[in-house]
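Here is what each chain is made of, one letter per residue.
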Amino acid sequence: MKSQTLPFTGTPEQAAELQKVIAELKDQPGALMPIMQKAQGIYGYLPIEVQKMIADGTGIPIEKIYGVSTFYAQFNLQPKGKYRISVCLGTACYVKGGDKIWDALRKKLGIGEGECTSDRKFSLDSCRCIGACGMAPVMMINDDVYGRLTVDQLDGILAKYN
Amino acid sequence: MDMVNLKVNGISVSVPKGTKIVAAAHEAGVKVPTLCYLKGVNEIASCRICMVEVVGPRGNSLVPACAQPVKEGMEVLTNTPRVLDARRRTLQLILSDHNKKCLSCVRNGKCELQELCHEMNMDDEDHFKGAQHLPPVDDSAVHMDRDNSKCILCRRCVSMCTNIQQIGVIGANNRGFNTQIGCAFERGLGETSCVSCGQCIAVCPTGALYEKSYIDEVLAAIADPKKHVVVQTAPSVRVGLGEEFGYPIGTDVEGKMAAALRRIGFDKVFDTDFGADLTIMEEANEFVERVKTGGVLPMITSCSPGWVKYCEHYYPDQLAHLSTCKSPQQMQGAVTKTYYAKKAGIDPKDIVSVSVMPCTAKKFEIGRDGQEAAGVKDVDYVLTTRELARMIKRVGLDFRSLPDETFDDPIGESTGAAVIFGATGGVMEAALRTAVETLTGETLARPEFHEVRGQEGIKEATYNVAGMEVKVAVASSTGNARKIMDQIRAGTAPWHFVEIMCCPGGCVNGGGQPQVPASIRNFVNVPKLRADALYRNNEAKTIRKSHENPSIKKIYADFLGKPGSETAHHVLHTHYVPREVC
């Protein structure tokens, strides 16, 4: 079960942009997915406030929107941090200790899969292979790749991001 | 019509083109078991229980009988070892994540999954070891609970809520093994704009969905010597209850029901039909007043609490169209604690007012504002038809051998106009019988309005009444209500008077009525059979117009004055509140 933990900070400008998207797309067949994708482009994620706006604007029940948002991995219900951490738990990384990196980061940041720290600095996701198996275990922070990781390197790496 | 010839288990059968194998097999006298399939509601072929073999040139193929249309020359085999094995495997998978506490399950003995397991001779072994869901019960709604540990993800409830009722507050959340039926953002059903119709319960094949039950509370009140416990029964209950005791669908058990209630220990056995006659007096008067004084038209009936709640959530800008009349249940409750209490010399606080309803939204309605004519709740407990059946069984009554008894005075006498309230179009017809005679001052030769009868979702008719053209519309299901309301909102509605019922087919098909398994429901028009029984009851009545009911005349003479009087408004009318869509 996914729950919302951080308050919504959407602006009137973002809302206006979303309304424009809805007005453009809502009468097309199969409009829901593109509207949701564009909404996520505007807000970075799809909290209840955003899904409610889509529901009100399209007449689609909010449960249907929520159902779609929890079915496809591409939709986030939690905001992403300034720095997006992505830990590889693919086969190669996993056997080389990716799970220990994953556990240590969860403990250090105090958040779980898909969640964001309350200062919105870091968000944490797992992924399956980023094509750097030779450097396993690996993680990415935004576009930076870190390989041959050990748990004791993590504090030093996190400290680089402010 | 193009006919297609095929063989089912070697039996030749000819069916219209486009027929699904499951229906063709039925035609051949062969039952194909189903779980997710519910004709006209849910036809998504997701559960794979109905797999059958179709003979082909390159070997036989397994196909879902609920979704596969017939073809000319098709040979279908429904009970080969391969078919039975596939079905058993599917059942094993369903059972591997099913809470098998059947003994304490509300559907024990009436569960479609249990019945199927029995037919397939399933064993108790865990064939697929692994994770099991044990999600908490969602008890946030006032009228029902959801226990997803009993859910088989058939989506009948979702289809009913989304496609038929067009409300869509429930749906499938998450994905794969984590899929659960629930509400947006995992909120409880009680936090959404659910209208409490209970149609999800009516179509659930298992015990995942059930009404909040008050049998224990009612039995405790009956056992309390300080309480005067009275009961009222809605029109539709008498044509549904018998199904729980082995009677054919569409059997009227009014007399035995009254006898059963008396033997359960209710101090007085009243009839909501009296309340329905009262509703007609007030509603017909309100309609005539609106026509005469240029009030808001069309006027829309307010008997169905699911419909009223739907209007409040989805058309809050159109509430002025709703009749201010309380529903028959609430009118009956209100006169129980005012008129009857005074006549019987009982303090309304000592009266426990119980209703038996074909409806789950009635459980919501009793807690609404403006439903306390005597300063206490008009109705204290609502039991569904199903709960009454359970209660009758619990107290050990042999229902079928009970004598036929009648309802108690002074608020038990009713007319044919009242009993047809349970069928879609019934309230309209009953109201027309009284309104037309009021407007013309003449007696109707035949008090029948056939144009508003029948199972169509929307019916329209025009009547010439005292030189005025009266246009009426009748809709059942909130999906059809939406079509009516969109026209009213757009200002294009031609009608003067509209009846809307929340459930498809009206109250006879309410969310509190006995559940009819898909194996029957797929081939029988259940609401029609029950409605036919109501119209037969009407035919048998000597008095068929509400304003001719002697007990109604008496309550106006002794207590209410005339329809629409100040007392009538205080006791019998209510107000509505705008609500949000959520």
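Counting from 1, residues in each chain are numbered in the order their sequence is written. Here chains are named by letter from A upward and ligands by number from 1 upward, in the order in which they appear as written. Where local features are concerned, this predicted model is filtered to residues with pLDDT of at least 70; where side-chain atom pairs are given and counted, the filter is 80 or more; whole-chain, interface and lining totals use all residues. Note that the side-chain values use all heavy atoms of the structure and ignore hydrogens as well as water.

Draft legend 1. Main features of the overall build of chain B. Tallying secondary structure elements over chain B gives 19 helices and 17 strands in all. Atoms counted for the radius of gyration: C-alpha only. Globule rule: 2.2 Å times the number of residues to the power 0.38. For chain B, the C-alpha radius of gyration of 25 Å lies close to 25 Å, the compact-globule estimate for 582 residues. When a residue's accessible area, from a 1.4 Å probe over protein chains only, is under 20% of the maximum for its type it is buried; when over 50% it is exposed; and in between it is partly exposed. Within chain B, the fraction of its 582 residues that count as buried is 60%. The contact rule is simple, with two residues in contact once any of their heavy atoms fall within 4.5 Å. By sequence separation, contacts in chain B at least 24 residues apart represent 75% of the contacts at least 6 residues apart. We get accessible surface area from the Shrake-Rupley algorithm with a probe of 1.4 Å; when it comes to residues, only the shown protein chains can shield them. A total of about 22,400 Å² of accessible surface is found on chain B, and carbon and sulfur atoms cover 51% of it. Charge counting follows a simple rule: Lys and Arg are positive, Asp and Glu are negative, and His as well as the terminal groups are ignored. Here the site of a charge means NZ on Lys, CZ on Arg, CG on Asp, or CD on Glu. In chain B, 67 positive and 69 negative side-chain charges are present, and the distance between their average locations comes to 4 Å. Numbering of helices and strands runs from the N terminus; a helix is a DSSP stretch of H or I covering at least four residues, while a strand is a stretch of E covering at least two.

Draft legend 2. How the structure looks around empty space enclosed by the protein. Residues and elements named next belong to chain B. Each cavity reported here is a set of points on a 1 Å grid over the protein atoms alone in which a 1.4 Å probe fits but cannot get out, each pocket an open set with protein on both sides within 12 Å along at least five of seven lines, and each lining residue one with an atom within 4 Å of a point. Grid points are joined across faces, edges and corners, and a volume is the space filled by probe spheres set on the points. With the rule as written, the count across this model stands at five cavities of 30 Å³ or more. Quantified by volume, the largest cavity comes out at close to 280 Å³. Along the walls of the largest cavity sit 27 residues, with C303, P305, P358, K362 and C507 positioned nearest its centre. Contributions of two or more residues to the lining of the largest cavity are made by α8 (272–293), α9 (305–314), α10 (328–344) and α11 (361–365). Of the residues in the lining of the largest cavity, the class split is 17 nonpolar, nine polar and one charged. Volume-wise, the second largest cavity comes out at about 160 Å³. Along its surface, the second largest cavity is lined by 18 residues, and C161, V169, I170, C194 and C200 are the ones closest to its centre. Looking at the lining of the second largest cavity, the elements with two or more residues in it are β6 (144–146), α4 (156–164) and α5 (199–203). Residues of the lining of the second largest cavity, tallied by class, amount to 12 nonpolar, four polar and two charged. Three classes are used: nonpolar for Ala, Val, Leu, Ile, Met, Phe, Trp, Tyr, Cys and Pro, charged for Asp, Glu, Lys and Arg, and polar for all others, with Gly counted as polar.

Draft legend 3. Structural view of the interface of chain B and chain A. Of the residues lining the interface, 17 residues belong to chain B; the matching set on chain A comes to 17 residues. Both faces combined, the contact of chain B with chain A buries some 1,300 Å², and carbon together with sulfur accounts for 61% of it. When residues of chain B are sorted by the area they lose upon contact with chain A, N174, R175 and F185 of chain B head the list and together hold 47% of the total. By definition, a salt bridge exists where a carboxyl oxygen of Asp or Glu is found within 4 Å of a side-chain nitrogen of Lys or Arg. Seen at the junction of chain B and chain A, the total is zero salt bridges. Between N or O atoms, a polar contact is any pair within 3.5 Å; within protein, one atom must be a potential hydrogen donor and the other a potential acceptor, and residues adjacent in sequence are included only when both atoms are from side chains. Inspection of the chain B/chain A interface yields six residue pairs in polar contact (both at pLDDT 80 or more). Take the side of chain B that touches chain A: its biggest share by element is three residues, from strand β7 (residues 171–173) of chain B. In short, buried area is how much 1.4 Å probe accessible area vanishes from two parts on joining, totalled over both.

Draft legend 4. Broad picture of the sheet that holds strand β13 (residues 351–357) of chain B. All names here are of chain B. Pairing between strands is defined by DSSP: at least two bridges between them are needed. The strand order across the open sheet formed by four strands is β11-β10-β13-β14, and the pairing between neighbours is parallel. With one partner strand each, in any of the chains shown, β11 (268–271) and β14 (381–384) form the two edges of the open sheet. In this sheet, neighbouring strand axes are inclined to one another by 25° on average, regardless of whether the strands run parallel or antiparallel. Each axis is a line fitted through C-alpha atoms, taken for helices only over the stretch in contact, and angles between the N-to-C directions span 0 to 180 degrees. Here α10 sits on the sheet in contact with β10 (228–233), β11, β13 and β14, set at roughly 155° to β13.

Draft legend 5. Structural view of α8 of chain B. Residues and elements named next belong to chain B. Compared with an ideal rise of 1.5 Å per residue, which puts 22 residues at 32 Å, α8 spans 31 Å between its outermost C-alpha atoms and is within 8% of the ideal. Within α8, 17 of the 22 residues are buried, leaving the element largely enclosed by the surrounding structure. Phi turns positive one or two residues past the end of α8, at G294, with a value near 70°. By definition here, a helix of n residues has an expected span of 1.5 Å times n minus one.

Draft legend 6. Representation of the side chain of T78 of chain B within the structure. Among the secondary structure elements, T78 of chain B is positioned in the loop between β5 (74–77) and α2 (81–96). Apart from residues lying up to four places away in sequence, T78 of chain B is in contact with V8, N9, V30, V32, V52, V83 and R87 of chain B.

Draft legend 7. Inspection of the domain arrangement of chain A at higher detail. Domain segmentation is taken from an automatic or database assignment of domains. By the assigned domains, chain A splits into domain 1 (12–71) and domain 2 (83–159). Each of domain 1 of chain A and domain 2 of chain A has a C-alpha centre, and the two are 31 Å apart.

Draft legend 8. Spotlight on the nonpolar core. All names here are of chain B. Judged by nonpolar contacts, the single largest core of 41 residues is most densely connected at W307 and I500. For this core, the elements supplying multiple residues, two or more each, are α4, α5, α9, β16 (468–476), α15 (478–490) and β17 (497–501). Take this core: its biggest share by element is five residues, from α9. Two domains share this core, each providing at least three of its residues, namely domain 2 (129–211) and domain 3 (215–572). Those residues in contact with I500, other than ones at most four positions away along the chain, are I300, T301, S304, W307, A475, A481, I484 and M485. By convention a nonpolar core is built from buried Ala, Val, Leu, Ile, Met, Phe, Trp, Tyr and Cys residues, the set being connected through side-chain atoms within 4.5 Å.

Draft legend 9. Quick look at the pattern of salt bridges. Residues and elements named next belong to chain B. A full pass over the atoms with the stated rule returns 41 salt bridges over all chains. Of the charged contacts in the structure, one is a salt bridge between R89 and D85, with a shortest N-O distance of 3.6 Å. Residue R89 and its partner D85 are both found in helix α2; the two are separated by four residues, about one turn of the helix. Owing to a relative accessible area of 42%, R89 belongs among the partly exposed residues under this scheme. In this structure, K393 and E244 form a salt bridge, with 4.0 Å as the shortest nitrogen-oxygen distance. With K393 in helix α12 (residues 385–394) and E244 in the loop between β10 and α7 (254–264), the pair connects residues that are 149 residues apart, well separated along the chain. According to the relative accessible area criterion, K393 is partly exposed, its value standing at 41%. Members of the salt-bridge network, linked through shared partners, are R238, E254, D271 and D273.

Draft legend 10. Layout of unusual backbone geometry. Cis rather than trans, the peptide bond between L297 of chain B and P298 of chain B has omega equal to -5°. Its place among the elements puts P298 of chain B in the loop between α8 and β12 (299–300). In the segment running from D409 of chain B into P410 of chain B, the intervening peptide bond is cis, with an omega of 5°. Looking at the secondary structure, you find P410 of chain B in the loop between α12 and α13 (416–419). Positive phi is not limited to glycine here, since C129 of chain A has a value of about 75°. Relative to the helices and strands, C129 of chain A resides in the loop between β2 (122–127) and β3 (139–141). Backbone geometry places R155 of chain B, a non-glycine residue, at a positive phi of 75°.

Draft legend 11. Up close: the domain arrangement of chain B. All names here are of chain B. With domains assigned, chain B is organised as domain 1 (3–93), domain 2 (129–211) and domain 3 (215–572). Each of domain 1 and domain 3 has a C-alpha centre, and the two are 42 Å apart. Contact with domain 1, which involves nine residues of that partner, is made by five residues of domain 3. Approximately 560 Å² of surface area, both sides summed, lies buried where domain 1 meets domain 3, with 65% of it carried by carbon and sulfur atoms. Broken down residue by residue, the surface that domain 1 buries against domain 3 is led by H26, L38 and K39, which jointly contribute 58%. Summed over the shared surface of domain 1 and domain 3, the number is zero salt bridges. Counting every contact that joins domain 1 to domain 3 gives one residue pair in polar contact (both at pLDDT 80 or more).

Draft legend 12. Representation of a negative patch on the surface within the structure. Patch membership requires over 30% relative accessible area and the absence of a salt bridge. Like charges are linked within 9 Å, and nonpolar side chains (Val, Leu, Ile, Met, Phe, Trp, Tyr) within 5 Å. A cluster of acidic residues, D123, D124, E125 and D126 of chain B, forms a negative patch on the protein surface. Within the secondary structure, E125 of chain B is located in the loop between α3 (112–119) and β6.

Draft legend 13. Inspection of a nonpolar patch on the surface at higher detail. There is a patch of nonpolar side chains on the surface, built from I520, F523, V524 and L529 of chain B and spanning about 260 Å² of accessible area. The residue L529 of chain B is located in helix α17 (residues 526–540) in this model.

Draft legend 14. Focus on the sheet that holds β5 of chain B. Residue and element names in this part refer to chain B. Read from one edge of the open sheet, five strands run β2-β1-β5-β3-β4, paired in mixed fashion. Both outer strands of the open sheet, β2 (11–16) and β4 (61–64), are each paired with one neighbouring strand and no more. On average, adjacent strands in this sheet sit at an angle of 40° to one another, irrespective of strand direction. Bridging between strand β1 (residues 3–8) and β2 involves six bridges; their strand directions are antiparallel. Looking at β2, one finds that L6 is bridged to V13.

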